[in-house]
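# Descriptive analysis of the structure
Residue strings, one per chain:
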Amino acid sequence: MQVIRKTQTIVRYQNHDGKVYYGIVEDDEILQLSSDFAEIVNDQLKYDGVRVKYNDVKILEPVVPSKVVNFGWTYAEHAKETGGQANLKEPFLFLKPTTSLIPDQGEIILPSNDLTNQVEMEGELALVIGKRGKNIKEEEALDYVFGCTVFNDVTARDLTQTDPQYTRGKGFDTFGPLGPWIVTGVDPTNLRIVTTLNGKVVQDGNTNQMSLSIPFLISWISQIMTLEPGDVLATGSPSGSCPMKSGDVVSVEVQNVGKLCNYVK
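Scoring rules and cut-offs
- Residues numbered from 1 in each chain as written.
- Predicted model: local features only at pLDDT ≥ 70, side-chain atom pairs only at ≥ 80, totals over all residues.
- Heavy atoms only, no water.
- UniProt positions renumbered as here; feature names shortened; annotations may be inferred.
- Helix = DSSP H or I, 4+ residues; strand = E, 2+ residues; numbered from the N terminus.
- Domains from an automatic or database assignment.
- Buried area = accessible area lost by both parts, 1.4 Å probe.
- Nonpolar A, V, L, I, M, F, W, Y, C, P; charged D, E, K, R; others polar.
- Salt bridge = Lys/Arg side-chain N within 4 Å of Asp/Glu carboxyl O.
- Phe/Tyr/Trp six-rings, centres within 6.5 Å; stacked < 30°, edge-to-face > 60°.
- Buried < 20%, exposed > 50% of the residue type's maximum accessible area, 1.4 Å probe, protein only.
- Polar contact = N/O pair within 3.5 Å; in protein donor to acceptor, adjacent residues only side chain to side chain.
- Patch = residues over 30% accessible without salt bridge, like charges linked within 9 Å, V, L, I, M, F, W, Y side chains within 5 Å.
- Areas by Shrake-Rupley, 256 points an atom, 1.4 Å probe, with all protein chains shown as cover.
- Lys, Arg positive; Asp, Glu negative; His and termini not counted.
- Charge placed at Lys NZ, Arg CZ, Asp CG, Glu CD.
- Pairing = 2+ DSSP bridges.

## Quick word on the UniProt feature "domain: Rv2993c-like N-terminal" (unreviewed entry) in the protein
As annotated by UniProt and renumbered to match this structure, "domain: Rv2993c-like N-terminal" (unreviewed entry) occupies residues 10-62. For the annotated span residues 10-62, helix accounts for 9% and strand for 53% of the residues, and the straight-line distance between the end C-alpha atoms is 8 Å.

## Notes on the domain arrangement of the protein
For the protein, the assigned domains are domain 1 (8-59) and domain 2 (68-264). For domain 1 and domain 2, the distance between their C-alpha centres works out to 25 Å. In this assembly, domain 1 packs against domain 2 so that about 960 Å² is buried in total across both faces, 64% of it on carbon and sulfur atoms. Counting the surface domain 1 buries against domain 2, the share from its top three residues, Gln-8, Ile-10 and Phe-37, is 49%. When its residues are assigned to classes, the side of domain 1 that touches domain 2 shows eight nonpolar, two polar and no charged.

## Observations regarding the pattern of salt bridges
Scanning the entire structure with this criterion turns up 17 salt bridges. Ionic pairing is found between Lys-46 and Glu-39, a salt bridge with its closest N-O pair at 2.8 Å. Several salt bridges converge on common partners, so that one network encompasses Lys-96, Glu-120, Glu-122, Asp-153, Arg-157 and Lys-170.

## Observations regarding the packing of aromatic side chains
The full count for this structure, using the stated rule, is eleven aromatic pairs. Ring centres of Trp-73 and Phe-92 lie 4.7 Å apart, and the angle between their planes is 45°; this geometry places the pair in the tilted category. One end of the pair, Trp-73, is in the loop between strand S7 (68-72) and helix H2 (76-81); the other, Phe-92, is in strand S8 (residues 92-96), with 19 residues separating them in the sequence. With a relative accessible area of 14%, Trp-73 lands in the buried category. Under the relative-accessibility criterion, Phe-92 is labelled partly exposed at 24%.

## A few points about unusual backbone geometry
Cis rather than trans, the peptide bond between Gly-179 and Pro-180 has omega equal to 5°. Within the secondary structure, Pro-180 sits in strand S15 (residues 176-183). Located in the positive-phi region is Asn-87, a residue other than glycine, with phi close to 55°. Tracing the sequence through the fold places Asn-87 in the loop between H2 and S8. In this structure, Gln-105 is a non-glycine residue whose phi angle is positive, near 75°. By secondary structure assignment, the location of Gln-105 is in the loop between strand S9 (101-102) and strand S10 (107-108).

## Some words on helix H5 (residues 214-222)
The buried fraction of H5 amounts to eight of the nine residues, a majority that puts the element mostly inside the structure. Of all the residues in H5, the buried ones are Ile-214, Pro-215, Leu-217, Ile-218, Ser-219, Trp-220, Ile-221 and Ser-222. If you check the start of H5, you find a side-chain oxygen 3.1 Å away from the backbone N of Phe-216, and it comes from Ser-213.

## What about a negative patch on the surface?
Judged by side-chain charge, Glu-138, Glu-139, Glu-140 and Asp-143 come together as a negatively charged surface patch. Checked against the element boundaries, Glu-139 lands in the loop between strand S12 (123-129) and strand S13 (145-152). Given the relative accessible area of 65%, Glu-139 is considered exposed.

## Points about the sheet that holds S10
The strand order across the open sheet built from five strands is S10-S20-S19-S16-S17, with neighbouring strands paired in mixed fashion. The sheet terminates laterally at S10 and strand S17 (200-206), the two strands that pair on one side only. Here strand S16 (residues 192-197) pairs with S17 via six bridges, running antiparallel. Across the sheet, the residue bridging to Leu-197 is Lys-200, located in S17.

Here it is as structure tokens:
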């Protein structure tokens, strides 16, 4: 079996045989891998000889994490617009259940009106952890990042503004669009994030505007919980979050990473 060098764009998908694979995206094709995620993060990319058209397979969430860690209020203007505190010394921390995750092109299902009346998007850069880490030093933090992907922290804003913690407002099924793939070798500290709603730009920020640095966030969370390969760290949202309704199309694009598009139902 041929072993190939690590390339930049790694996707997870279901092929025609019903099995789930990782692959390397090259233009409009995917080079199918026999490697599992543990092998991929260790640079063991084994091409099994199959090429498939990207549009002919079902794209899945790019990773199956043990946890989805979310850092809130890491952008001062977003903190202000949502009633939070700007320029915190530590982030507002919450977790999303893995049942919230959906892939690129997946449907965001709005809960019934008796549960929430204000569901909003939050476009974010997400980091995928590549190796186990606890009490990580800030200067070594980026060594634990396997790659970057795109995240939409869908939020029931009316609930997060009344609940003492964010689990309910952040944790509904489908409230965690993630993807479409993982890109390796990207510096996460200076990436533009643009969110559009029905083609109109509603968020336009850059990770260089964060009030807490990405290495700090990785080090900080690793003092609380052990990070495992495949864990997703959502780094927070720029300002401009706004409500979505059924029939809307929301896209989050992160510079040098990709575009995540989902449909509101």
